[in-house]
Amino acid sequence: MVDIDAARIIADQLAAVRRRVAAGAEAAGRDPSSVRVLLATKTQPLDLVRSAIIAGGTLIGENRVQELVEKGPGLTDLTCEVHLIGHLQSNKINQVLPWATCVQTVDSVDLARRLAARATDAGRVLDVMIQVNVSGEASKFGVPPASSRELAARVAALPGLHLSGFMTVGARSADAHVIRSGYARLRDIRDATAGSGLAGTDDAIELSMGMSGDLELAIAEGSTMVRVGTAVFGDRQAR
Ligand SMILES: *Cc1c(COP(=O)(O)O)cnc(C)c1O
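Attention in this report is confined to the structure presented alongside it. (Residues numbered from 1 in each chain as written. Predicted model: local features only at pLDDT ≥ 70, side-chain atom pairs only at ≥ 80, totals over all residues. Heavy atoms only, no water.)

A few words on the overall build of the protein chain. Regarding its fold elements, the protein chain presents nine helices and eight strands. Along the first, second and third principal axes, the C-alpha set of the protein chain runs to 50 × 40 × 30 Å. Counting the 239 residues in the protein chain, one finds 48% classified as buried. A sequence separation of at least 24 residues applies to 62% of the contacts in the protein chain between residues at least 6 apart. Between the mean site of the 26 positive side-chain charges and the mean site of the 27 negative ones, the protein chain shows a separation of 3 Å. (Helix = DSSP H or I, 4+ residues; strand = E, 2+ residues; numbered from the N terminus. Buried < 20%, exposed > 50% of the residue type's maximum accessible area, 1.4 Å probe, protein only. Contact = heavy atoms within 4.5 Å. Lys, Arg positive; Asp, Glu negative; His and termini not counted. Charge placed at Lys NZ, Arg CZ, Asp CG, Glu CD.)

Here's what the structure looks like:
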């Protein structure tokens with residue numbers, strides 16, 4: 001059952017996030033429509049995810065393969081893209097492919113090759129992004145910045161994959177300069193790759209960066225996709 005009050009709160013909070021995105025874009029001299037909002041739905045039950053899509057959400061991001069598989073079938077009647085934004089182990093690729101339109105967390109050639117093989121077998125082309133660990137924090141997944149351009153070039157050349165851009169989780173820091181410089185680094189990597197002329201790199205323009213707490217900083221550095229969880233859904237649910 002959809003809880004009407006919960007649905008209304010989600011719609012209001014999504015509207016508030018869109019206002020933040022628009023204000024951030026305008027402050028940065030950017031077109032607000034150049035920044036899309038991906039709803040980070042980890043731990044949120046299907047009915048709330050559906051409410052957010054009905055309220056106008058068009059992009060869903062799941063962290064865990066298990067949640068992707070659980071909620072995916074309940075979203076097929078709605079129009080939305082579903083991205084994987086959490087770490088992917090290669091033994092779970094088969095489970096992901098039916099539900100994900102994009103895997104944002106490619107961080108090795110090995111994972112990319114396996115994804116490419118499965119996508120090719122399934123007769124489709126899968127959108128992927130390269131996850132870069134811009135902050136260097138040991139707890140974070142992602143390829144180091146120094147290796148990111150080479151990985152991007154190799155992924156872009158694989159059949160079955162379409163490289164659409166780059167993703168990062170920003171630095172855990174109270175210092176806005178530290179956070180922004182990480183985001184600027186991802187933009188530099190994107191610019192170097194999309195401008196390289198190498199096969200398959202032309203479309204690698206997305207910058208998936210910024211979350212509830214720092215989306216304005218990410219937009220100031222060029223984010224094209226902010227990933228927002230708590231600002232829309234409130235606290236995460238215990239599972
Ligand atoms: C949870 C999560 C988000 C959203 O975080 P909030 O702070 O709740 O907005 C974004 N990206 C990733 C990869 C996440 O795991």
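All residues adjacent to the ligand are Ala40, Lys42, Asn63, Ile85, Met167, Met211, Ser212, Arg227, Val228, Gly229, Thr230 and Arg236. Residue Thr230 places a main-chain N or O atom 2.8 Å away from an oxygen atom belonging to the ligand. Contact with the protein chains covers 88% of the free accessible surface of the ligand, which is 390 Å². If you map the ligand onto the pockets, it falls in the largest pocket. (Near = heavy atom within 4 Å. Polar contact = N/O pair within 3.5 Å; in protein donor to acceptor, adjacent residues only side chain to side chain. Areas by Shrake-Rupley, 256 points an atom, 1.4 Å probe, with all protein chains shown as cover. 1 Å grid on protein atoms, 1.4 Å probe; cavity = no way out; pocket = protein on both sides within 12 Å on 5 of 7 lines; lining within 4 Å. Sits in = over half its atoms within 2 Å of the grid points.)

What follows covers helix 2 (residues 46-54). Leu48, Val49, Ser51, Ala52 and Ile53 are the residues of helix 2 that are buried. On its buried face, helix 2 is in contact with helix 1 (4-27), strand 1 (36-40), strand 2 (59-62), helix 3 (65-71) and helix 9 (230-233). Just beyond helix 2, the residue with positive phi is Gly56, at close to 120°.

The space that makes up the largest pocket amounts to roughly 700 Å³. As for the largest pocket, its lining consists of 28 residues, of which Lys42, Asn63, Val169, Met211 and Arg227 are closest to the centre. (Points joined across faces, edges and corners; volume = space filled by probe spheres on them.)

Turning our eyes to something else, we now look at the packing of helix 6 (residues 145-156) against helix 7 (residues 176-194). In a packed pair of helices, the relevant descriptors are the angle between the two axes and the axis-to-axis distance. Contact geometry of helix 6 with helix 7 gives a least axis separation of 10 Å together with a crossing angle of 30°. By the angle class used here, helix 6 and helix 7 are roughly parallel. Between helix 6 and helix 7 lies a crossing whose hand is right-handed. On helix 7, the residues touching Pro145, Ser148, Arg149 and Ala152 of helix 6 are Arg185, Ile189, Ala192 and Thr193. Counted by class, the contact of helix 6 with helix 7 contains four nonpolar, two polar and two charged residues. (Axes fitted to C-alpha atoms, helices over the stretch in contact; angles between N-to-C directions. Parallel < 35°, antiparallel > 145°, perpendicular 65-115°, else oblique. Left-handed = near helix turned anticlockwise from the far one by under 90°. Nonpolar A, V, L, I, M, F, W, Y, C, P; charged D, E, K, R; others polar.)

Attention now goes to the pattern of salt bridges. Taken as a whole and assessed by the stated rule, the structure comprises 14 salt bridges. Here Asp5 and Arg8 are joined by a salt bridge, their closest N and O atoms 4.0 Å apart. Here Arg8 and Asp5 lie together in helix 1, a separation of three residues that amounts to about one turn. Residues joined in a network through salt bridges with shared partners are Glu62, Arg64, Glu67 and Lys71. (Salt bridge = Lys/Arg side-chain N within 4 Å of Asp/Glu carboxyl O.)

Right, let's get into the nonpolar core. For soluble globular proteins, the rule of thumb is that nonpolar side chains tend to be buried together. Residues Leu115 and Ile130 are the most contacted members of the largest nonpolar core, which totals 61 residues. Residue contributions to this core peak at six residues, all from helix 5 (residues 109-121). Those residues in contact with Ile130 that sit more than four places away from it in its chain are Gln104, Val106, Val143, Leu151, Ala152, Val155, Leu163, Gly165, Phe166 and Met167. Among the nonpolar cores identified, the runner-up in size contains eight residues, and Leu38, Leu59, Ile85 and Met167 belong to it. (Core = buried A, V, L, I, M, F, W, Y, C linked by side-chain atoms within 4.5 Å.)

The phi dihedral of Thr43 is positive, around 70°, even though this residue is not glycine. Checked against the element boundaries, Thr43 lands in the loop between strand 1 and helix 2. Overall, Thr43 belongs to the buried group, its relative accessible area being 16%.

Among the structural elements, Met211 can be located in the loop between strand 7 (206-208) and helix 8 (215-220). Taking the C-alpha atoms as reference, Met211 lies 7.4 Å from Gly229; in sequence the two are 18 residues apart. For Met211, the residues in contact, after removing those within four places along its chain, are Val169 and Arg227.

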